[in-house]
Amino acid sequence: MTADTAAGADAPADPLVSALTARARAAAHGTPAPCPCAGVPLAVRPDATVVRHAGAVAKAHAPDTDPAALTLRVATATRLPDLLLPPLAAPAPLGDPHGRLVTLWPYGTPVDRDDPDAAPWEAAATLLARLHRTPVPAGLPPMRGPAKAARALDRLHTALRATPHGPARPAARPVLAAWAALPAWARSRAPMPGPAALCHGDLHLGQLVRHPAPDGPWRLIDVDDLGAGVPAWDLARPAAWYACGLLPPDEWTRFLTAYRRAGGPAVPEDGDPWPALDVPARALTVQTAALAVTKALAAGRPLDEVEQALADACARMPSAPPPPRRAPGIPG
């Protein structure tokens with residue numbers, strides 16, 4: 001048992017977690033009756049609280065979630081079960097006594113974080129390519145990737161105002177400068193350029209599960225940011241990790257090659273992918289660095305090695321050319 005677990009053992013139950021557990025229990029067994037299986041919180045954050053009970057998962061979305069937009073996004077998952085994990089319930093989200101919108105999902109086996117060699121880069125790339133080739137459903141809102149990046153910068157500004165001193169403050173300067181150098185659309189200050197594709201909006205390996213559990217095919221999860229937008233945004237996080245030296249070249253090559261083989265439209269079929277990836281990759285680097293600096297400011301500590309690599313990448317951005325083509329197998 002970890003110290004955090006021990007500390008939480010005597011803490012009062014979170015009312016929202018308890019409510020979600022009841023929802024998940026009812027979805028798993030068809031009744032809210034007592035069950036010996038305990039609910040397992042999978043995430044407890046201000047923007048999302050997720051609880052699993054047996055084969056069902058209940059998610060409370062961010063307090064400011066637009067009900068109509070979320071309904072359209074959940075409906076899209078219902079229509080694309082070969083790409084997106086379909087919900088357990090009707091597309092319309094449920095109301096919650098705590099003022100949060102709740103959706104219900106089947107449980108899927110997540111990526112094993114302790115086995116990086118088994119990371120499903122090819123599966124992720126292939127699912128993305130197929131998603132990007134799918135016509136955008138009528139009325140679906142814009143992909144929320146740039147809006148999430150802007151929110152990360154808002155959090156950094158708030159943290160800087162609240163923390164006038166601290167070892168992490170100098171790292172904020174290159175992050176803010178790199179953000180200001182991005183085009184308006186990447187900062188959520190102008191419409192995204194077209195043509196629009198159906199995008200996930202927040203792609204990382206934590207957004208894949210095997211369903212049916214434990215070893216069914218991979219599916220994408222989390223539709224909160226799903227929408228119409230620039231498909232390169234969905235490739236931006238692994239591209240940014242690669243450009244910062246945090247993702248090995250062979251893993252980046254596996255991902256990019258699989259995406260191209262599946263006919264993904266975000267990058268050319270061959271040649272240099274960076275003209276398409278540069279702006280989104282820079283934006284995701286700035287977003288991740290902003291969150292890292294915000295976290296360090298709150299803790300009153302300097303950046304760790306990974307966080308410093310992100311800040312250093314931001315420092316090179318305003319006047320730097322696109323990232324070097326380090327990965328073998330990428331023409332150009």
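Calculation criteria
Residues numbered from 1 in each chain as written. Predicted model: local features only at pLDDT ≥ 70, side-chain atom pairs only at ≥ 80, totals over all residues. Heavy atoms only, no water. Helix = DSSP H or I, 4+ residues; strand = E, 2+ residues; numbered from the N terminus. Buried < 20%, exposed > 50% of the residue type's maximum accessible area, 1.4 Å probe, protein only. Contact = heavy atoms within 4.5 Å. Areas by Shrake-Rupley, 256 points an atom, 1.4 Å probe, with all protein chains shown as cover. Lys, Arg positive; Asp, Glu negative; His and termini not counted. Charge placed at Lys NZ, Arg CZ, Asp CG, Glu CD. Phe/Tyr/Trp six-rings, centres within 6.5 Å; stacked < 30°, edge-to-face > 60°. Patch = residues over 30% accessible without salt bridge, like charges linked within 9 Å, V, L, I, M, F, W, Y side chains within 5 Å. Salt bridge = Lys/Arg side-chain N within 4 Å of Asp/Glu carboxyl O.

Check the secondary structure of the chain and you find ten helices and nine strands. Judged by the C-alpha coordinates and their principal axes, the chain covers about 60 × 50 × 40 Å. Residue burial in the chain is summarised as follows: out of 332 residues, 48% are buried. Across the chain, contacts joining residues at least 24 apart in sequence account for 72% of those joining residues at least 6 apart. On the chain, roughly 15,400 Å² of surface is accessible, and the fraction owed to carbon and sulfur atoms is 58%. Here the chain carries 32 positive and 30 negative side-chain charges, and the mean point of each set is 5 Å from the other.

To continue, consider unusual backbone geometry. Here the residue pair Gly-194 and Pro-195 is connected by a cis peptide bond, since its omega of 0° sits within 30 degrees of zero. Position of Pro-195 relative to the elements: it lies in the loop between α6 (169-180) and β6 (197-199). Residue Pro-212 is reached from His-211 by a cis peptide bond, and omega for that bond is 0°. Backbone geometry at Ser-188 places phi at a positive 60°, although glycine is not the residue there.

Using the criterion set out here, one finds six aromatic pairs in the structure. Here a set of aromatic residues connected by ring pairs shows up, and it is made of Trp-121, Tyr-242, Trp-252, Phe-255 and Trp-274.

This next bit is on the side chain of Arg-237. Its location among the elements puts Arg-237 in helix α7 (residues 236-243). Judged by relative accessible area, which is 11%, Arg-237 ranks as buried.

Side chains of Asp-112, Asp-114, Asp-115 and Asp-117 sit close together on the surface and give a patch of like negative charge. Take Asp-114: it is sitting in the loop between β5 (109-110) and α4 (121-132). Under the relative-accessibility criterion, Asp-114 is labelled exposed at 74%.

Taken by themselves, the reported measurements are silent on function.
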